[in-house]
Amino acid sequence: MRHDVFISGYGGQGVLLAGNLLSYAAIHQGMNVSFFPSYGVEKRGGSAMCTIVFSHDETGSPVVGHPSVSILLNQLSFDKYADKVRQGGLCIVNSSLVITGDRELPGIELVQVPMNQLAIDLGDARMVNMVACGAYTARVSALPRQSLDEALKKALPERNHRLIPANIMAIQAGADAAQR
Amino acid sequence: MSEKIFVKGNEAVAMAAIEAGVRCYFGYPITPQSDIPEYLSRELPKTGGTFIQVESEIGAINMVLGASAAGVRAMTSSSGPGISLKQEGISYMAGSELPGVIVDIMRQGPGLGGIDASQADYFQATRGGGHGGYRIIVLAPDSVQEMYDLTMLAFDLSDIYRMPAMVLADSVIGQMKESIVANSRPETPLPVKDWAVRGRAEGADQNVVKSLKLGDGEMEAFHWAMHARYQELADKESRWEEYQTADAEMIVTAFGSTARIARTAIEGARAEGMKVGLLRPITLFPFPKQAYTALSARCKRFLDIELSTGQMIDDVRLSVARDTDVAFYGRPPGAGSLPTPEELLEQIRKIY
């Protein structure tokens, strides 16, 4: 089975780190992975996106038109990409920054997680990407939450390994909030 | 080494260059290939090699020429605007029969263009790029593993055939991360560089590396010799990959990132019962004509897909049997213009 996930947000929200983290988790599960980032020329404030495909077989196209899961971290991403999710797929939304309003997404399950709020409650808004990854693992059984613990060691540079316990708490908070 | 490592395509190029024994890297940063000089600036000096961030791309390619003339493995890398600047030096290298590796991680153009993926430098790469009528070896990876493997191959082919070799990828393959095996350098037999300019012993013959050929008949003889070498390359070194072509009633052809996307579209087509296969050229020069000729002898429908308004299609049309229909689908480069597998499947349905 081939899994794909699309993550989109502002530059600075940690979209690429989130993508790397999920990639390492999939590698830890023994799968092949392609991680395809795409971002504007700006360092911060522009848009940042990535697509991760993982499978025990070939990963095929790194570009996916209709992802099975999309994690959308800001309003712009939601407005632009929510309806691109495959039929029967999941749209995980950062409800701290996204007003879904009366937007209808037929055939797509909307999972709202107040990611910024959860990250702030744990002491640092920058952990919004960790909350998002936690939410993903609560809904996609191919990547168990625990697989992220090991992945953090690979995705974070050595100097930031002291932050791993806090990140694990943020991941857990995201997972709890997204639990069915 | 068999343990897999998770790296960017650009990093794989840099790692492979070191494994291939590159001694000199000269370059100038430009998106989307800056990971290559970044990696080499850190790692190449540790192996005793030389990394220089040169004042310009023109300086970089001429330093590659100089290092190569001295007989060492040398490389440079850039993207569209920088590769254009290097063309004069590449022409001089071709004229001087010098090896050397140039990595082009294509971005949009013309001019400054933009940083998203493009395949619109196909003509520039495969037609020589500079003046004077020459060709260079062009290799087109479609995965991070191939970025690694084909970079090493580029060094070997370049040394064997004494001509510049280019690794031609785009920002998708350059920026993408995948798990790869960092293979050891293949034990390819390589010719001795007895033409290199390294200083000479008393009484020994003088080596001269130059592209100026003013002797009677000298230049014409050079061109015919190079022509024969290109033919030898085509016969011996053409490389391609076929996927699901055995029973195919339609062949999709694409290179690099587009081939990766097309492959997933073909899986979708197969799932719908359409007998579609993929022919992916790995060497763009020499273009693997023999594969097109063989497949088009029995399959008369081809669909060429490129991230441009159509360049490789010229080579496809020159290679297939005359009664073959070659359709085209292109997405000229631009932000948001990458085709998706779903979109390519729709094109396959239209033509099948």
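Residues numbered from 1 in each chain as written. Chains lettered and ligands numbered in written order. Predicted model: local features only at pLDDT ≥ 70, side-chain atom pairs only at ≥ 80, totals over all residues.

1. Let's talk about the overall build of chain A
Counting secondary structure elements, chain A contains six helices and six strands. Beginning at the N terminus, the succession of helices and strands in chain A can be written as β-α-β-β-β-α-β-β-α-α-α-α. For 180 residues, the compact-globule formula gives about 16 Å, and the C-alpha radius of gyration of chain A, at 15 Å, lands near that figure. When its C-alpha atoms are laid out on the principal axes, chain A stretches across 40 × 40 × 40 Å. Among the 180 residues that make up chain A, the fraction classed as buried is 48%. The long-range share in chain A, meaning contacts at least 24 apart out of those at least 6 apart in sequence, stands at 57%. (Helix = DSSP H or I, 4+ residues; strand = E, 2+ residues; numbered from the N terminus. Rg over C-alpha atoms; globule rule 2.2 N^0.38 Å. Buried ≥ 20, exposed ≤ 12 C-beta atoms within 10 Å, placed from the backbone. Contact = placed C-beta atoms within 7 Å.)

2. Quick word on the overall build of chain B
The number of helices and strands found in chain B is twelve helices and 14 strands. Relative to its length of 352 residues, chain B is compact, with a C-alpha radius of gyration of 20 Å against a globular reference of 20 Å. Of all 352 residues assigned to chain B, the portion counted as buried reaches 51%. Partitioning the intrachain contacts of chain B with sequence separation of at least 6 by distance along the chain shows that 79% fall at a separation of at least 24.

3. So, the sheet that holds strand S11 (residues 276–281) of chain B
Residue and element names in this part refer to chain B. Reading across the sheet, the five strands line up as S9-S11-S10-S13-S14 and stay open at both edges, with mixed pairing between neighbours. Each edge of the open sheet is held by one strand with a lone partner, namely strand S9 (240–243) and strand S14 (325–330). The average angle at which neighbouring strand axes cross in this sheet is 20°, direction not considered. The strands touched by helix H9 (residues 256–271) are S9, strand S10 (250–253), S11 and strand S13 (301–306); relative to S11, the strand with the most contacts, the crossing angle is about 165°. Across the sheet, helix H11 (residues 312–319) lies against S10, S13 and S14, angled at about 160° from S13, the strand it touches most. (Pairing = 2+ DSSP bridges. Axes fitted to C-alpha atoms, helices over the stretch in contact; angles between N-to-C directions.)

4. A closer look at the nonpolar core
Most often, soluble globular proteins keep nonpolar side chains buried together rather than apart. The biggest cluster of nonpolar side chains holds 161 residues, and the ones touching the most others in it are Ile 92, Val 131 and Ala 132 of chain A together with Ile 137 and Leu 139 of chain B. Broken down by element, the residue count for this core peaks at ten residues, all from helix H6 (residues 144–161) of chain B. In terms of domain composition, this core takes at least three residues from each of domain 1 (4–185 + 227–234) and domain 2 (241–351) of chain B. When sequence neighbours within four positions are dropped, the list of residues in contact with Leu 139 of chain B reads Leu 150, Leu 153, Ala 154, Ala 165, Val 167, Leu 168, Ile 282 and Thr 283 of chain B. (Core = buried A, V, L, I, M, F, W, Y, C linked by C-beta atoms within 7 Å. Domains from an automatic or database assignment.)

5. Looking at the interface of chain A and chain B
The partner chain B presents 18 residues to the 17 residues of chain A that form the contact. Secondary-structure elements contributing two or more residues to the side of chain A that touches chain B are helix H1 (15–28) and strand S2 (32–39) of chain A. Tallying contributions element by element places S2 of chain A first for the side of chain A that touches chain B, with six residues. Each residue belonging to the side of chain A that touches chain B can be placed in one class, and the counts come to ten nonpolar, seven polar and no charged. The pairing of S2 of chain A with strand S8 (residues 177–181) of chain B spans two bridges and is antiparallel. (Nonpolar A, V, L, I, M, F, W, Y, C, P; charged D, E, K, R; others polar.)

6. Side note on the domain arrangement of chain B
A common way to report how large an interface is uses the accessible area buried once the components associate. Residues and elements named next belong to chain B. Domains assigned within chain B are domain 1 (4–185 + 227–234) and domain 2 (241–351). Averaged C-alpha coordinates put domain 1 and domain 2 at centres separated by 26 Å. On the domain 2 side, the residues contacting the 27 residues of domain 1 number 22 residues. Looking at the side of domain 1 that touches domain 2, the elements that each hand over two or more residues are helix H5 (122–126), strand S6 (137–139), strand S7 (164–170), helix H7 (171–175) and helix H8 (218–237). For the side of domain 1 that touches domain 2, the element with the highest residue contribution is H5, accounting for four residues.

7. Digging into the pairing of S10 of chain B
All names here are of chain B. Where burial is concerned, the two faces of S10 agree: the one with Met 250 and Val 252 and the one with Ile 251 and Thr 253 are both buried. Bridge count for S10 against S11 is four bridges, and the pairing is parallel. Counted as the bridge partner of Ile 251 is Gly 277 from S11. With respect to chirality, the unit in which S10 leads through H9 into the neighbouring parallel S11 is right-handed. Looking at chain direction, S10 and S13 are connected through three bridges and run parallel. Paired with Val 252 across the two strands is Leu 303, which belongs to S13. (Right-handed = clockwise from strand over helix to strand, strands pointing away.)

8. Focus on unusual backbone geometry
Residue and element names in this part refer to chain B. With omega at 0°, the peptide bond leading from Gly 109 into Pro 110 counts as cis. Topologically, Pro 110 is positioned in the loop between strand S5 (100–106) and H5. That bond from Phe 285 to Pro 286 is cis: its omega, 0°, falls within 30 degrees of zero. One non-glycine residue, Arg 162, adopts positive backbone phi at about 50°. Positionally, Arg 162 belongs in the loop between H6 and S7. Residue classification places Arg 162 among the partly exposed positions, given that 18 C-beta atoms sit within 10 Å. The backbone of Gln 244 sits at a positive phi, close to 55°, despite the residue not being glycine. Residue position: Gln 244 is located in the loop between S9 and S10. Judged by the 17 C-beta atoms lying within 10 Å of it, Gln 244 falls in the partly exposed class.

9. A closer look at the environment of Ser 8 of chain A
Looking at the element boundaries, Ser 8 of chain A is found in strand S1 (residues 2–10). Taking C-alpha positions, Ser 8 of chain A is 19 Å from Leu 148 of chain A, a pair spaced 140 residues apart along the chain.

10. Points about helix H4 (residues 128–139) of chain A
Residues and elements named next belong to chain A. With twelve residues, H4 extends 17 Å from end C-alpha to end C-alpha; this agrees with the ideal 16 Å at 1.5 Å per step. Most of H4 sits out of view: eleven of its twelve residues are buried. Looking at H4, one finds that the buried residues are Val 128, Asn 129, Met 130, Val 131, Ala 132, Cys 133, Gly 134, Ala 135, Tyr 136, Thr 137 and Ala 138. (Expected span 1.5 Å × (residues − 1).)

11. Re the environment of Ala 117 of chain B
Residue and element names in this part refer to chain B. Secondary-structure assignment places Ala 117 in the loop between S5 and H5. When the C-alpha positions of Ala 117 and Arg 331 are compared, they lie 10 Å apart, and in sequence the two are 214 residues distant. Dropping the residues within four chain positions of it, Ala 117 is found in contact with Met 106, Asp 170, Ser 171, Val 172, Ser 257, Leu 307, Pro 333 and Leu 338.

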